[in-house]
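# Observations on the three-dimensional arrangement
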There are 2 protein chains.
Amino acid sequence: VTSGAAFAAVDWGTSSLRVWLLDEAGKVLAERRSDEGMLVARETGFAAILERMLGELGASSTLPVIICGMAGARQGWVEAPYQDVPAKVDTVLTGAIRVSGMARDIRIVPGLAQREHDAPDVMRGEETQLVGAAERLPAGQNIVCLPGTHSKWVEVDQGTIGRFRTFLTGELFAVLSANSILKHSLDGAGSVDPASNPAFDAGVERGLAARTLGSLFSIRAGGLLFDRKPDESAATLSGLLIGGEIAAADRLFGLSRRVVTLVAAGRLADLYERALELAGHGAHLIDADEAVRAGLFAAAKRVWGAR
Amino acid sequence: VTSGAAFAAVDWGTSSLRVWLLDEAGKVLAERRSDEGMLVARETGFAAILERMLGELGASSTLPVIICGMAGARQGWVEAPYQDVPAKVDTVLTGAIRVSGMARDIRIVPGLAQREHDAPDVMRGEETQLVGAAERLPAGQNIVCLPGTHSKWVEVDQGTIGRFRTFLTGELFAVLSANSILKHSLDGAGSVDPASNPAFDAGVERGLAARTLGSLFSIRAGGLLFDRKPDESAATLSGLLIGGEIAAADRLFGLSRRVVTLVAAGRLADLYERALELAGHGAHLIDADEAVRAGLFAAAKRVWGAR
């Protein structure tokens, strides 16, 4: 048994799963990752996967568990109904629901819903990152960008989570790379590095000019006519999609009037920092992994108090 | 043998194939369609497929054949190198190349290339539709829209094919329907009919306002929060993509200053006519099937003269 553990914190996404043991101050004692995301777990069983991972981490059989993400979706483990925006940051986690029939105390944080007929939207997992990032947000009106498969842009103002908008940016990159005519141009490309490929900048500039839809096929034609290589093609596609996302977010949220906070990690943080710089917006970076852990810790404290 | 046939005309696309027997005035004597497009034919053999279909149509063994489309691509039957724009409509077909080693005289019409480093683009098949439509274009500066898997917008001015731009509209609809999170919202949808689904109009309006990228996920969220049905979701996606295409084409070509000609057939003609109307542009409709046959007939006349 790992001594000193107060809670287990779990980020259970669509395609991956991370589990941390945290002490009573929120410090990470142990960590484990898996590809057994919601899509796998709903076939093989959420409880079995979770108990196996907790066992591997040396968690006691009574350690309580707080979970965010797609485990709380209707098609997940137990549905944790959405809370509506606008929602106070410090109350957004009060809706955590308990998984019944388990020996251990397991809670799932609800997602957020924007019930507007013209702009319906939902998030699961990002609300926990927002809670975790909230204390570190600069004063004033913030726009928080959480890039990913489904990028989110969220108004956070004086501790209240307001309007938000999802972009399919990461998913568009994936499906266009794998399932469209562009696959002939991108096959064999490595990961996109903005520092080493000026095609990313050029793509961002065109995306910022709202030219994304009219530029996608140029990736294929550039391969046919100018023998452009997969790395350049991938950088162009990434730039077009991220630039288009930022341009649309700017029209929706007026980025120049706000502080833009980027909650991201790794290569995605590099790409969005560079693209925001090209768009003329500085970005305040918060690590996405730290944010989700801090949010889960805050939720655990809310449920179980000091231990 | 079908008597009176002067040429066989073939439109050989990526995923389908159409063969017509035409008399010396261009009248259709017989027609046959197949799913053996370029992707199938490069596996099973172009010559065998063509000869089988010609046999089924009762074509003589010496009937000459004119072909347009992807059969002329590098990965097709025999590469018919691109001709560059700007290109005169009445000379664009002079580049038809002969398929060697065949008993029958078979020619393939070349595609068109736009060799601009900032906007490379190519077409194969649409150039033949443009030639076929050319005589029926209104006087003055035309913008021709040829919707499809890869929609084309083309400047045609005083008999010269100028700048053009390809949009992945049809392919985006297909890959988002089949391979993205939106498939959960679109599964089971019928074909989109603008006359019966106001969600198409609403989607077009948002697309015209350059809000396509920021509205795609709302289709999924609208299903989750408001139980929107597959037909409505499909109409929304179609409208968002077509509206976004028209908005981008307008920025590129200044549609309000030109005559917009729509070369289309069937449901796509309905969708684009409605979307162009919402955008405030009247559209002059030319049937796409008639256009490609007329273009192939013009090419045949150029190669073989009167017969």
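Residues numbered from 1 in each chain as written. Chains lettered and ligands numbered in written order. Predicted model: local features only at pLDDT ≥ 70, side-chain atom pairs only at ≥ 80, totals over all residues. Heavy atoms only, no water.

### Notes on the overall build of chain A
Worth spelling out the cut-off: The numbering of helices and of strands both runs from the N terminus, where a helix is a DSSP run of H or I of at least 4 residues and a strand a run of E of at least 2. For the radius of gyration, the atom set is restricted to C-alpha positions; the globular benchmark scales as 2.2 Å times the number of residues to the power 0.38. The classification of residues rests on relative accessible area computed with a 1.4 Å probe and restricted to protein chains. Under 20% of the type maximum is buried, over 50% is exposed, and intermediate values are partly exposed. For this analysis, residues touch if any pair of their heavy atoms sits within 4.5 Å. Under the convention used here, a 1.4 Å probe and the Shrake-Rupley method define accessible areas, while residue burial counts only the protein chains that appear. Charged residues are defined here as Lys and Arg on the positive side and Asp and Glu on the negative side; His and the ends of the chain fall outside this count. Here the site of a charge means atom NZ of a Lys, CZ of an Arg, CG of an Asp or CD of a Glu.
Across its full length, chain A holds 10 helices and 15 strands. What you see for chain A is a C-alpha radius of gyration of 20 Å, in line with the 19 Å of a compact globule of 307 residues. Structurally, chain A occupies a C-alpha span of about 65 × 40 × 35 Å along its principal axes. Out of the 307 residues belonging to chain A, those deemed buried represent 58%. A separation threshold of at least 6 residues defines the contact pool for chain A, and within that pool the share at least 24 residues apart is 65%. Total accessible area on chain A stands at roughly 11,700 Å², and carbon and sulfur atoms take up 48% of it. On chain A, the mean spot of the 32 positive side-chain charges and the mean spot of the 37 negative ones are 2 Å from each other.

### Here we look at the environment of Ala279(A)
All names here are of chain A. Secondary-structure assignment places Ala279 in the loop between helix H9 (266-278) and strand S15 (283-287). Put simply, Ala279 and Leu255 are 24 residues apart on the chain and 9.7 Å apart in space, counted from C-alpha to C-alpha. In contact with Ala279, other than residues within four places in its own chain, are Leu208 and Ile246.

### Remarks on the side chain of Ser151(B)
The line we're drawing: Distance and chemistry together define a polar contact, namely a pair of N or O atoms within 3.5 Å, with one atom able to donate a hydrogen and the other to accept it when in protein, and with adjacent residues in sequence counting only for side-chain atoms on both sides.
Turning to its location among the elements, Ser151(B) is positioned in strand S12 (residues 151-157). A distance of 3.4 Å separates polar atoms of two side chains, one belonging to Ser151(B) and the other to Glu245(B).

### Considering the relation of the copies chain B and chain A
Rules: Residues reaching a pLDDT of at least 70 in both copies supply the C-alpha atoms on which the copies are superposed by least squares.
Here chain B sits on chain A after a turn of 180° about the axis and a move of 0.0 Å along it, with an RMSD of 0.0 Å. This pairing of chains is accounted for by a two-fold axis. Taken together, the interface assignments show that 100% of the residues at the interface of chain B recur at the interface of chain A, consistent with an identical surface on both copies.

### Quick notes on the packing of aromatic side chains
Operational definition: Aromatic rings from Phe, Tyr and Trp, with only the six-membered ring used for Trp, were paired whenever their centres fell within 6.5 Å, and each pair was classed as stacked if the ring planes differed by under 30 degrees, edge-to-face if by over 60, and tilted otherwise. Two conditions define a charge located above a ring, namely a distance within 6 Å from the ring centre to NZ of Lys or CZ of Arg, and an angle within 35 degrees of the ring normal.
All chains considered together, the criterion is met by 10 aromatic pairs over all chains. With 5.8 Å between their ring centres and 25° between their planes, Phe7(B) and Trp304(B) make a pair best called stacked. Residue Phe7(B) is found in strand S1 (residues 7-12), and its partner Trp304(B) is found in helix H10 (residues 288-304); the two are separated by 297 residues along the sequence. A relative accessible area of 17% means that Trp304(B) is categorised as buried. Ring centres of Trp12(B) and Trp77(B) lie 6.1 Å apart, and the angle between their planes is 65°; on these two criteria the pair is classed as edge-to-face. Taken together, the residues span a long stretch of sequence, with Trp12(B) in strand S1 and Trp77(B) in the loop between strand S4 (65-69) and strand S5 (83-84) at a distance of 65 residues. On the accessibility criterion, Trp12(B) (0% relative accessible area) is buried. Taken together through their ring pairs, the aromatic side chains of Phe7(A), Phe297(A) and Trp304(A) make up a single cluster. Its guanidinium or amino end placed over the ring of Tyr82(A), Arg124(A) lies 4.3 Å from that ring's centre, counting from NZ or CZ. The ring of Phe217(A) has Lys152(B) sitting right over it, with the charged end atom 4.7 Å from the ring centre.

### So, empty space enclosed by the protein
As a reminder, the rule being used: Within this scheme a cavity is a closed region of a 1 Å grid, computed over the protein atoms alone, that accommodates a 1.4 Å probe without allowing it to escape, whereas a pocket is open but has protein on both sides within 12 Å along at least five of seven lines; lining residues each have an atom within 4 Å of a point. Grid points are joined across faces, edges and corners, and a volume is the space filled by probe spheres set on the points.
All told, the structure shown has 5 cavities of 30 Å³ or more when counted by the stated rule. Computed from the structure, the largest cavity encloses a volume of approximately 170 Å³. If you go around the largest cavity, you meet 17 residues; those closest to its centre are Ala210(A), Leu213(A), Ala210(B), Leu213(B) and Arg251(B). Mapped onto the lining of the largest cavity, the elements with two or more residues apiece are helix H8 (230-253) of chain A together with helix H8 (230-253) of chain B.

### Remarks on the confidence of the model for chain A
Residue and element names in this part refer to chain A. Rule in force here: As a per-residue quantity, pLDDT reports the predictor's confidence and falls between 0 and 100.
Averaged over every residue, the pLDDT of chain A is 94; residues scoring 70 or more account for 99%. Predicted confidence in chain A is weakest over strand S6 (residues 87-88), with a mean pLDDT of 93, and strongest over strand S10 (residues 121-123), with 98. Interface confidence for the predicted complex, expressed as ipTM, amounts to 0.94; the pTM equals 0.95.

### What about helix H3 (residues 126-134) of chain A?
The element H3(A) is extensively covered by neighbouring structure, given that 8 of its 9 residues are classed as buried. Burial in H3(A) covers these residues: Glu126(A), Glu127(A), Thr128(A), Gln129(A), Leu130(A), Val131(A), Gly132(A) and Ala133(A).

### A closer look at the environment of Thr169(B)
Residue and element names in this part refer to chain B. Inspection of the secondary structure assignment puts Thr169 in helix H4 (residues 169-179). Between the C-alpha atom of Thr169 and that of Val99, which follows or precedes it by 70 residues, the distance is 33 Å. With sequence-adjacent residues up to four places away left out, Thr169 is seen in contact with Thr149, Ser151, Leu241, Ile242, Glu245 and Tyr272. A polar contact of 2.5 Å, which involves the side chain of Thr169, links it to the side chain of Glu245.

### As for the packing of H8(A) against H9(A)
Residues and elements named next belong to chain A. Worth spelling out the cut-off: Angles shown run from 0 to 180 degrees and are taken between the N-to-C directions of axes, each axis being a line fitted to C-alpha atoms and, for helices, limited to the stretch in contact. Our angle categories are set so that under 35 degrees counts as roughly parallel, over 145 as roughly antiparallel, 65 to 115 as roughly perpendicular, and the remainder as oblique. Two helices crossing with the near one rotated counterclockwise from the far one by less than a right angle form a left-handed crossing, whereas a clockwise rotation gives a right-handed crossing. For this classification, the nonpolar set comprises Ala, Val, Leu, Ile, Met, Phe, Trp, Tyr, Cys and Pro, the charged set comprises Asp, Glu, Lys and Arg, and every other residue, Gly included, is treated as polar.
Packing of H8 against H9 brings their axes to within 10 Å, and their N-to-C directions diverge by 60°. Relative to H9, H8 is oriented oblique. Crossing of H8 against H9: the hand is right-handed. Contacts between H8 and H9 involve Ser238, Ile242, Glu245 and Ile246 on the former and, on the latter, Leu271, Tyr272, Ala275 and Leu276. Class assignment of the residues belonging to the contact of H8 with H9 gives a composition of 6 nonpolar, 1 polar and 1 charged.

### Quick look at the pattern of salt bridges
If charged atoms from side chains of opposite charge come close, those side chains can pair. So the rule is basically this: Definition used for salt bridges: Asp or Glu carboxyl oxygen within 4 Å of a side-chain nitrogen of Lys or Arg.
Across all of its chains, the model carries 40 salt bridges over all chains by this definition. Residue Glu56(B) pairs with Arg52(B) through a salt bridge whose shortest N-O separation is 3.4 Å. In this pair, Glu56(B) and Arg52(B) both sit in helix H2 (residues 46-57), 4 residues apart, roughly one turn of the helix. Residue classification places Arg52(B) among the partly exposed positions, given a relative accessible area of 38%. A salt bridge links Arg163(B) to Glu155(B); the nearest nitrogen and oxygen atoms lie 3.0 Å apart. Arg163(B) gets classed as partly exposed once you look at its relative accessible area, which sits at 32%. Under the relative-accessibility criterion, Glu155(B) is labelled buried at 17%. Among the charged side chains, a network of salt bridges with common partners joins Asp11(A), Arg18(A), Glu31(A), Arg33(A) and Asp289(A).

### Observations concerning the sheet that holds strand S14 (residues 259-264) of chain B
Residues and elements named next belong to chain B. Selection criterion: Strand pairing is assigned whenever DSSP identifies at least 2 bridges connecting the two strands.
Strands sit in the order S6-S13-S12-S11-S14-S15 across an open sheet of 6 strands; the sheet is mixed. Taken across any chain shown, the strands that pair with only one partner, and hence form the sheet edges, are strand S6 (87-88) and strand S15 (283-287). As paired elements, strand S11 (residues 141-146) and S14 share 4 bridges and run parallel to each other. Bridge pairing in S14 links Ile143 to Val260. Helix H9 (residues 266-278) rests against S11, S12, S14 and S15 of the sheet, and its axis sits at about 160° to S14.

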